[in-house]
Amino acid sequence: MLQLSIIREKTAEVLERLKLKNYDGAQIISDILRLDDTRRESQKALDDLQAQSNILAKEIGILFKQGKADEANALKEKTADLKSRAKELDEKLESARKELEDLLVRVPNLPHQSVPPGKTAEDNEVVLLEDALIPSSGDYLPHWELAAKYDIIDFATGTRITGAGFPLYKGKGARLQRALINFFLDQALAAGYTEVQPPYMVNAASAFATGQLPDKDGQMYYAQVDELYLIPTAEVPVTNIYRDSILKARDLPVKNVAYSACFRREAGSYGKDVRGLNRLHQFDKVEIVQVTRPENSYQTLEEMRDYVAGLLRKLELPFRIVKLCGGDMSFTSALTYDFEVWSAGQKRWLEVSSVSNFEAFQSNRLKLRYKDEAGKIHTAHTLNGSALALPRIVAALLELNQVNDGISIPTILRPYCSFKIIN
RNA sequence: GGAGAGGUGGGUGAGUGGCUGAAACCAACAGUUUGCUAAACUGUCGUACGGGAAACUGUACCGGGGGUUCGAAUCCCCCCCUCUCCGCCA
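Reading the values: rules and limits
- Residues numbered from 1 in each chain as written.
- Chains lettered and ligands numbered in written order.
- Predicted model: local features only at pLDDT ≥ 70, side-chain atom pairs only at ≥ 80, totals over all residues.
- Heavy atoms only, no water.
- Helix = DSSP H or I, 4+ residues; strand = E, 2+ residues; numbered from the N terminus.
- Buried < 20%, exposed > 50% of the residue type's maximum accessible area, 1.4 Å probe, protein only.
- Contact = heavy atoms within 4.5 Å.
- Areas by Shrake-Rupley, 256 points an atom, 1.4 Å probe, with all protein chains shown as cover.
- Lys, Arg positive; Asp, Glu negative; His and termini not counted.
- Charge placed at Lys NZ, Arg CZ, Asp CG, Glu CD.
- Pairing = 2+ DSSP bridges.
- Axes fitted to C-alpha atoms, helices over the stretch in contact; angles between N-to-C directions.
- Arc of directions from axis to C-beta.
- Near = heavy atom within 4 Å.
- Polar contact = N/O pair within 3.5 Å; in protein donor to acceptor, adjacent residues only side chain to side chain.
- Nonpolar A, V, L, I, M, F, W, Y, C, P; charged D, E, K, R; others polar.

**Q** Let's hear about the overall build of chain A: which residues, and what values?
**A** A count of helical and extended segments in chain A gives 13 helices and 19 strands. C-alpha atoms of chain A, sized along the principal axes, occupy 105 × 45 × 40 Å. Looking at chain A as a whole, 50% of its 423 residues qualify as buried. Of the contacts made within chain A by residues no fewer than 6 positions apart, 74% connect residues no fewer than 24 positions apart. Per element, the accessible surface of chain A, about 20,400 Å² overall, is 49% carbon and sulfur. Distance from the positive charge centre (55 side chains) to the negative charge centre (58 side chains) of chain A: 3 Å.

**Q** How would you explain the sheet that holds strand 6 (residues 222–223) if you had to name every residue and give the values?
**A** Strand order in the open sheet formed by three strands is 5-7-6, with antiparallel pairing between adjacent strands. Two strands close off the open sheet at either side, each with one partner strand: strand 5 (201–202) and strand 6. Note that strand 6 and strand 7 (residues 228–230) share two bridges and pair antiparallel. Within strand 7, the residue paired with Y222 across the bridge is Y229.

**Q** Would you mind going over the sheet that holds strand 1 (residues 125–130) in detail, with residue names and values included?
**A** Pairing within the open sheet is mixed, and its eight strands lie in the order 1-11-12-13-16-10-9-4. Two strands in the sheet have a free side with no partner beyond their single neighbour: strand 1 and strand 4 (194–196). The mean angle between the axes of side-by-side strands here comes to 25 degrees, regardless of whether they run parallel or antiparallel. Helix 12 (residues 390–400) rests against strand 10 (282–292), strand 12 (335–343), strand 13 (348–359) and strand 16 (381–389) of the sheet, and its axis sits at about 35 degrees to strand 16.

**Q** Can you explain helix 2 (residues 11–20)? Please cite residues and give values.
**A** Within the sequence span of helix 2, burial applies to V14, R17, L18 and L20. Axial view of helix 2: buried residues confined to an arc of 140 degrees, hence all on one face. Seen from the buried face of helix 2, the exposed residues on the opposite side, beyond 90 degrees, are A12, E16 and K19. Residues of helix 2 that are buried in the fold lie against helix 1 (4–9) and helix 3 (26–65). Looking at the residues trailing helix 2, positive phi occurs at N22, about 60 degrees.

**Q** Account for the protein's contact with RNA strand B, with residues named and values stated.
**A** Surveying the vicinity of RNA strand B reveals 21 residues, the closest of which are R39, Q43, D47, A57 and I377. When the atoms of RNA strand B within 4 Å of the protein are grouped by moiety, sugar and phosphate amount to 71% of the total. A distance of 3.0 Å separates a base nitrogen of RNA strand B from a polar side-chain atom of D47. Here a sugar or linking oxygen of RNA strand B and a side-chain polar atom of R369 are 3.3 Å apart. Elements represented by at least two residues in the surface near RNA strand B include exactly helix 3, helix 4 (69–104) and strand 14 (368–371). Broken down by element, the surface near RNA strand B gets its largest block of residues, 13 residues, from helix 3. Considering only residue class, the surface near RNA strand B consists of six nonpolar, five polar and ten charged.

So, in structure tokens, the structure goes:
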């Protein structure tokens with residue numbers, strides 16, 4: 001969530017930037033400002049009242065000790081009035097606070113100045129294109145046909161076991177998954193990330209802190225009896241490692257990497273581009289998460305972007321990087337780069353990674369801060385990126401590497417697969 | 001799931017109604033001393049929200065929420081969590 005001080009001090013700019021996300025904040029921001037005034041007035045009044053009560057209570061204690069019960073009892077009567085006024089103020093304060101909080105968490109993050117305007121993916125800005133490896137001609141089957149041909153992914157059985165969007169990987173298909181996960185983790189380790197294995201279910205507080213709630217309620221699987229959510233990405237548990245904490249300056253930047261299965265209900269997306277591995281309810285992903293000082297977060301974003309690009313080059317996949325336009329960005333992000341690989345069988349780009357800087361948006365909810373060298377406390381910045389999500393990588397790999405007698409495995413993955421070809 | 005014990009500052013841990021935002025010790029940080037390291041000594045050492053140009057100051061917070069009381073870390077109720085034993089179990 002946004003810092004109240006920014007809304008208060010730079011109201012016009014906030015509204016302007018929100019418009020980039022096609023978000024009209026006029027009403028909600030004015031409500032927030034009004035509630036904030038109420039909150040502050042009530043708090044000041046209540047604090048003063050409390051101060052008086054504290055003084056009286058102290059005096060009463062002293063009087064009793066001196067045996068002056070009459071005087072003490074006389075003072076007691078005065079406190080009754082203070083108490084009832086305090087109660088009233090307290091209720092007013094609490095309701096203002098709660099209302100304020102409810103509104104505040106519904107305001108999306110401000111997009112960075114460099115975010116291009118626009119409404120849909122059409123308006124995203126291609127910032128890097130590496131298309132030399134896109135085949136200019138030839139027949140390339142889509143991955144679902146290849147999956148069937150070589151019996152490596154069984155969609156029908158997955159559907160029978162669970163439902164659509166839960167594929168069953170078999171034989172070399174399963175081994176390729178495992179190889180990719182290990183490859184991605186090893187690469188991240190080499191780049192200085194620390195590997196963590198997070199829980200796959202989180203409580204509401206965690207889902208709230210990274211911004212999935214209340215914005216994405218309904219997109220997560222929810223185990224009602226235990227009030228737990230299946231994670232849509234490792235970002236949620238891994239970022240929540242630092243909820244309610246104050247890191248030391250020397251601990252920054254925090255660089256974590258985690259493999260996890262991810263679960264998404266994908267409600268509302270039935271029927272479009274859901275064939276094969278294109279859109280799943282359960283998939284595997286290796287996620288990188290960083291916590292940085294505010295002044296370093298954009299440099300870190302570029303580093304993460306370069307890192308992900310490096311992975312795709314090593315996998316010999318044609319790809320492009322797009323900077324998301326305001327309308328296509330997520331609720332929580334200030335700047336996002338999407339990575340798209342070329343699907344030779346489907347003749348289109350597939351999103352395989354999203355690298356974002358959330359600035360202080362998540363940290364404000366997480367209460368994630370750090371103490372600088374002078375002992376001053378600041379809100380940290382958080383970033384994360386997929387590095388990478390498996391299914392569409394697998395789709396692109398299978399489709400692009402079709403050879404006469406099977407599917408050739410990219411050189412760098414061969415030691416991880418311990419086979420060179422799927423046939 | 002059943003029974004019991006317990007949750008206090010970064011850690012250990014004292015504190016059963018007012019003088020306690022909280023002893024002491026450890027850790028951490030700054031400095032002094034020493035030829036270096038170590039040690040010793042001195043000092044600093046919670047967070048949030050208000051007020052103030054600042055020095056500073058008000059309020060709240062001892063797992064969370066509610067209650068009793070003039071006054072709660074301390075008493076009462078509910079919830080959560082941890083530990084021990086039993087049960088179940090990869």
